[in-house]
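Structural characterization, general
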Amino acid sequence: MNQTNYPSVDRDFIISLFESADCIEGKIEAGSTIAYILKGSSYIGKRTLYIRKNIKEIHFFEASGLCIRIKKLHELTEWYKREKGFDQGEYFITP
């Protein structure tokens, strides 16, 4: 039986997307956590996105959600196509 799998994303690639995003107002590093503050008028808890430094790869759904928030979903899908061979939908790993 085939197992479905979604590709994970390299943490450094996600950080580079955050660094190049126009909607980021600030960055705070504390211990093993990086917090990015989005521009806007809502309270800071709704505008803060967190990335842990000690995690090497970010899960597909978390990476997609982060990229939607910073308006970089197109760059993420291009990375999936180029690095993971993931074009549309899920892909299967056969044993």
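This text follows the structure it describes.
Read on for an overview of the structure. Predicted model only: the values in this text are computed from it and were never measured.

Basis of the calculations
- Residues numbered from 1 in each chain as written.
- Predicted model: local features only at pLDDT ≥ 70, side-chain atom pairs only at ≥ 80, totals over all residues.
- Heavy atoms only, no water.
- Helix = DSSP H or I, 4+ residues; strand = E, 2+ residues; numbered from the N terminus.
- Polar contact = N/O pair within 3.5 Å; in protein donor to acceptor, adjacent residues only side chain to side chain.
- Salt bridge = Lys/Arg side-chain N within 4 Å of Asp/Glu carboxyl O.
- Buried < 20%, exposed > 50% of the residue type's maximum accessible area, 1.4 Å probe, protein only.
- Pairing = 2+ DSSP bridges.
- Axes fitted to C-alpha atoms, helices over the stretch in contact; angles between N-to-C directions.
- Contact = heavy atoms within 4.5 Å.
- Parallel < 35°, antiparallel > 145°, perpendicular 65-115°, else oblique.
- Left-handed = near helix turned anticlockwise from the far one by under 90°.
- Phe/Tyr/Trp six-rings, centres within 6.5 Å; stacked < 30°, edge-to-face > 60°.
- Arc of directions from axis to C-beta.

Details of the side chain of Thr-48
Tracing the backbone through its elements, the reader meets Thr-48 in strand β5 (residues 48-52). Only 2.5 Å separates the side chain of Thr-48 from the backbone oxygen of Ile-44, close enough to count as a polar contact.

Focus on the pattern of salt bridges
As enumerated under the stated definition, the model contains eight salt bridges in all. Between Lys-27 and Glu-19 there is a salt bridge, with the nearest N and O atoms lying 3.1 Å from each other. Take Lys-27: its relative accessible area is 40%, and that puts it in the partly exposed class. We classify Glu-19 as partly exposed; its relative accessible area is 46%. One network of salt bridges, with partners in common, ties together Glu-19, Lys-27, Glu-29 and Lys-53.

Some remarks on the sheet that holds β5
The antiparallel open sheet is built from three strands, whose spatial order is β3-β4-β5. This sheet does not close on itself; its edge strands, each paired only once, are β3 (24-30) and β5. Averaged over all pairs of adjacent strands, the angle between their axes in this sheet comes to 20°, without regard to strand direction. With five bridges connecting them, strand β4 (residues 33-38) and β5 associate as antiparallel partners. Across the sheet, residue Tyr-36 finds its bridge partner in β5, namely Leu-49. Set on the sheet, helix α1 (residues 11-20) makes contact with β3, β4 and β5; between it and β5 the angle comes to about 150°.

Notes on the packing of α1 against helix α4 (residues 73-84)
Following both chains from N to C, one finds α1 and α4 inclined at 150°, their axes separated by 11 Å at the closest point. Taken together, the axis directions place α1 and α4 in an arrangement best described as roughly antiparallel. Here α1 runs over α4; the crossing is right-handed. Two secondary-structure elements touch here, α1 through Phe-13, Ile-14 and Leu-17 and α4 through Glu-75, Leu-76 and Trp-79.

Things to note about the packing of aromatic side chains
Throughout the structure, instances matching the rule amount to five aromatic pairs. An aromatic cluster of three or more residues is present, and its members are Phe-13, Phe-60, Phe-61, Trp-79 and Tyr-80.

A word on unusual backbone geometry
Positive phi, close to 60°, is recorded for Lys-71, a residue that is not glycine. Residue placement: Lys-71 occurs in the loop between α3 (60-69) and α4.

Details of α3
Taken together, the buried positions of α3 are Phe-60, Ala-63, Ser-64, Leu-66 and Cys-67. Viewed along the axis of α3, the buried residues span an arc of 165°, placing them on a single side of the element. The secondary structure elements touched by the buried residues of α3 are β2 (9-10), α1, β5, β6 (57-58) and α4. Looking one or two places after α3, you find Lys-71, whose phi comes out positive at around 60°.

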